[in-house]
Amino acid sequence: MTTHLRCVDAYLLVGDQEIAVAVDLGLFLPDTGLWGGVVRHVPGWLAGTMRDAEARLRLPTGQERRIRPLARPDDETSVPFIGEGTAPF
């Protein structure tokens, strides 16, 4: 993930919860548009529910994108994810 790597402050929305997070975004396969990244500073109680409830990122531009976590962490941590839809950058 080296193309268009961006580090931004964003909001993670999971169910009715909304928290401020840091996000590293990038294109995994630039020719296909597959994008994703890592959400940082996710509390364990919220990270554990990301697979069971819809998870979205709200970026500083106001854009929102649905994300799918690639792991289920047990404590405050970083969560790798794949984004849905077009890349927001």
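Residues numbered from 1 in each chain as written. Predicted model: local features only at pLDDT ≥ 70, side-chain atom pairs only at ≥ 80, totals over all residues. Heavy atoms only, no water.

Undergrad: Mind showing me how you'd approach the overall build of the protein here?
TA: Across its full length, the protein carries one helix and six strands. In sequence order, the protein lays out its α and β elements as β-β-β-α-β-β-β. Buried residues in the protein amount to 39% of all 89 residues. Once local pairs closer than 6 in sequence are excluded, the contacts in the protein between residues at least 24 apart make up 51%. Within the structure as shown, the protein displays about 4,900 Å² of accessible surface, and the carbon and sulfur contribution to it stands at 49%. (Helix = DSSP H or I, 4+ residues; strand = E, 2+ residues; numbered from the N terminus. Buried < 20%, exposed > 50% of the residue type's maximum accessible area, 1.4 Å probe, protein only. Contact = heavy atoms within 4.5 Å. Areas by Shrake-Rupley, 256 points an atom, 1.4 Å probe, with all protein chains shown as cover.)

Undergrad: Looking at this structure, I do not really get the packing of aromatic side chains. What am I missing?
TA: In this description, an aromatic ring pair is defined by two values, namely the gap between the centres and the angle between the planes. In the structure shown here, the tally under the stated rule is one aromatic pair. Look at Trp35 and Phe81: their rings are 6.1 Å apart centre to centre, the planes differ by 80°, and that puts the pair in the edge-to-face class. In this pair, Trp35 sits in strand E3 (residues 34–42) while Phe81 sits in strand E6 (residues 77–83), placing the two residues 46 residues apart along the sequence. Neither Trp35 nor Phe81 differs from the other in exposure class; each is buried. (Phe/Tyr/Trp six-rings, centres within 6.5 Å; stacked < 30°, edge-to-face > 60°.)

By themselves, these figures tell us nothing about what the structure is for.
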